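# Summary of the model geometry
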Amino acid sequence: MHILLVGATGIIGNAVHEALLEHGHRVIAAGHTHGKLTVDLSNPRSIEELYTLTGSVDAVICAAGRARFGPLDELGDDDFNLSIRNKMMGQVNLVRSGLGIVAEGGSFTLTTGGLSQNPEAGTSAVSMVGAGIEAFARGAAIDLKQRYRVNVVSPGWVAETRQQMGLDPMPGIWAKDLAKYYVYLAEGTVTGEVANADEPLVSS
Ligand SMILES: NC(=O)c1ccc[n+]([C@@H]2O[C@H](COP(=O)([O-])OP(=O)(O)OC[C@H]3O[C@@H](n4cnc5c(N)ncnc54)[C@H](OP(=O)(O)O)[C@@H]3O)[C@@H](O)[C@H]2O)c1
């Protein structure tokens with residue numbers, strides 16, 4: 001398949017890129033500040049321009065999206081707006097603008113995080129937009145049935161991220177194990193699925 005990968009330069013995106021290549025897919029890699037192709041998820045026009053450059057693809061995977069952490073009484077309008085515009089509407093618009101450009105029968109795979117369903121202290125904005133994306137994907141999968149599949153990977157803590165923060169990598173999931181969820185959803189037949197990816201995928 002010919003796959004557009006947004007967030008290809010990140011910890012998760014890098015691993016997804018490698019896994020897709022191992023599976024024989026052709027990947028168009030897009031970053032934000034790095035990479036041959038760049039896109040700003042928070043800017044709908046930038047997403048449209050990206051699709052103009054890529055033309056038709058068979059699948060889109062997004063391993064990007066920023067949202068603000070912080071205690072509720074310290075989060076301001078800017079923090080909520082950034083989280084909504086970037087992580088949530090960025091991924092929603094990646095689907096909306098891809099309709100008619102992504103080949104029919106193709107798929108969109110988005111990214112949330114375990115905090116979407118299991119909030120912790122200081123995650124109200126992050127959890128809010130993650131839950132929004134998951135609800136969007138389930139609804140979009142119904143509307144787009146017969147045309148496109150829409151799924152979500154909800155990663156647990158990534159081991160490499162924990163290491164970068166000076167923590168023990170465990171409990172975490174290594175990015176190469178997490179990447180298998182994206183490959184599974186892009187290659188598979190399911191739609192409207194939110195894959196909770198906090199441990200390696202067990203293939204049946
Ligand atoms: N790492 C974790 O433990 C973890 C756990 C759960 C969920 N997640 C979610 O998974 C996603 C990826 O995480 P990660 O750890 O791989 O992040 P990362 O290493 O920081 O990489 C982020 C990627 O997103 C791109 N990006 C940044 N701002 C963007 C924008 N405005 N428009 C388009 N692309 C943008 C970056 O591009 P440049 O490099 O070019 O700037 C990079 O490719 C995030 O949504 C994160 O919340 C991560």
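Residues numbered from 1 in each chain as written. Predicted model: local features only at pLDDT ≥ 70, side-chain atom pairs only at ≥ 80, totals over all residues. Heavy atoms only, no water.

## So, the overall build of the protein
Applicable threshold: A helix here means a DSSP run of H or I that spans at least four residues, while a strand means a run of E at least two residues long, and both kinds are numbered starting from the N terminus. Pairs of residues are marked as contacts when any of their non-hydrogen atoms sit within 4.5 Å. Counting rule applied: Lys, Arg positive; Asp, Glu negative; His and chain ends not counted. A charge is said to be at NZ when it belongs to Lys, at CZ for Arg, at CG for Asp and at CD for Glu.
Secondary structure assignment for the protein yields 6 helices and 7 strands. Walking the protein from its N terminus toward its C terminus, one meets helices and strands in the order β-α-β-β-α-β-α-β-α-β-α-α-β. Here the contacts in the protein between residues at least 6 apart in sequence split such that 64% fall between residues at least 24 apart. Seen as two clouds, the 15 positive and the 22 negative side-chain charges of the protein have centres 6 Å apart.

## Quick word on the site of the ligand
Using the following cut-off: When we say a residue is near a molecule or strand, we mean one of its heavy atoms is within 4 Å of it. The term polar contact refers here to a pair of N or O atoms within 3.5 Å; inside protein, the definition further demands a hydrogen-donor-capable atom paired with an acceptor-capable atom, and it admits residues adjacent in sequence only when both atoms are side-chain atoms. For the area figures, the Shrake-Rupley method with a 1.4 Å probe applies, and any residue is considered shielded solely by the protein chains shown. Three residue categories are used. Nonpolar comprises Ala, Val, Leu, Ile, Met, Phe, Trp, Tyr, Cys and Pro, charged comprises Asp, Glu, Lys and Arg, and polar comprises the others, including Gly.
Taken together, 26 residues lie around the ligand, and Thr9, His32, Thr33, His34 and Gly65 are the ones closest in. The contact in question runs from an oxygen atom of the ligand to an N or O atom on the backbone of Gly7, over 3.2 Å. Starting from 900 Å² of accessible surface for the ligand in isolation, the protein chains cover 78%. Sorting the residues of the shell around the ligand by element identifies helix 1 (11-22) and helix 3 (77-98) as the ones contributing at least two each. Taken together, the residues that form the shell around the ligand break down as 10 nonpolar, 14 polar and 2 charged.

## Section: the packing of helix 1 against helix 6 (residues 175-187)
The following threshold applies: Simply put, an axis is a line fit to the C-alpha atoms, just over the touching stretch for a helix, and the angle between two N-to-C directions goes from 0 to 180 degrees. Each helix crossing is assigned a hand: it is left-handed if the near helix lies turned anticlockwise from the far helix by less than a right angle, otherwise right-handed if that turn is clockwise.
Across the interface, helix 1 lies against helix 6 with an axial gap of 8 Å and an inter-helix angle of 65 degrees. Our pair here, helix 1 against helix 6, has a crossing hand that is right-handed. Taking contact as the criterion, the partners of Ile11, Ile12, Ala15, Val16, Ala19 and Leu20 in helix 1 are, on helix 6, Ala175, Lys176, Leu178, Ala179, Tyr182 and Val183. Its residues assigned to classes, the contact of helix 1 with helix 6 shows 11 nonpolar, no polar and 1 charged.

## Notes on the pattern of salt bridges
Heads up, the condition is: Any Lys or Arg side-chain nitrogen found within 4 Å of a carboxyl oxygen on Asp or Glu counts as a salt bridge. Exposure categories follow from relative accessible area, calculated using a 1.4 Å probe and restricted to protein chains: below 20% of the type maximum is buried, above 50% is exposed, and the middle band is partly exposed.
By the definition in use, this model includes 4 salt bridges. Its salt-bridge partner being Asp79, residue Arg68 comes within 2.9 Å of it at the nearest N-O pair. Taken as a pair, Arg68 in the loop between strand 4 (57-62) and helix 3 and Asp79 in helix 3 lie far apart in primary sequence, 11 residues in all. Here Asp79 falls in the buried class, since its relative accessible area comes to 16%. Linked through salt bridges whose partners overlap, the residues forming this network are Lys176, Asp177 and Lys180.

## Comments concerning the pairing of strand 6 (residues 149-155)
Short version of the rule: In this analysis, strands are considered paired if DSSP registers two or more bridges between them.
Among the 7 residues of strand 6, 7 are classified as buried, and the element is accordingly described as predominantly covered. In strand 6, alternate side chains face the same way, and those of Arg149, Asn151, Val153 and Pro155 on one face and Val150, Val152 and Ser154 on the other are all buried. Sheet topology places strand 5 (residues 102-111) next to strand 6; 5 bridges connect them, and they run parallel. Within strand 6, the residue paired with Thr111 across the bridge is Val153. By the bridge criterion, 4 bridges tie strand 6 to strand 7 (residues 194-197) in an arrangement that is parallel. Within strand 7, the residue paired with Val152 across the bridge is Val194.

## Here we look at the packing of aromatic side chains
Where we set the bar: A pair of Phe, Tyr and Trp rings is counted when the ring centres sit within 6.5 Å of each other, with Trp represented by its six-membered ring. The angle between the planes then sorts it: under 30 degrees is stacked, over 60 is edge-to-face, the rest tilted.
Here the structure, examined in full by the defined rule, presents 1 aromatic pair. Judged by centre distance (5.5 Å) and plane angle (65 degrees), the rings of Phe108 and Tyr148 are edge-to-face. Placement of the pair is Phe108 in strand 5 and Tyr148 in the loop between helix 4 (124-143) and strand 6, with a sequence separation of 40 residues.

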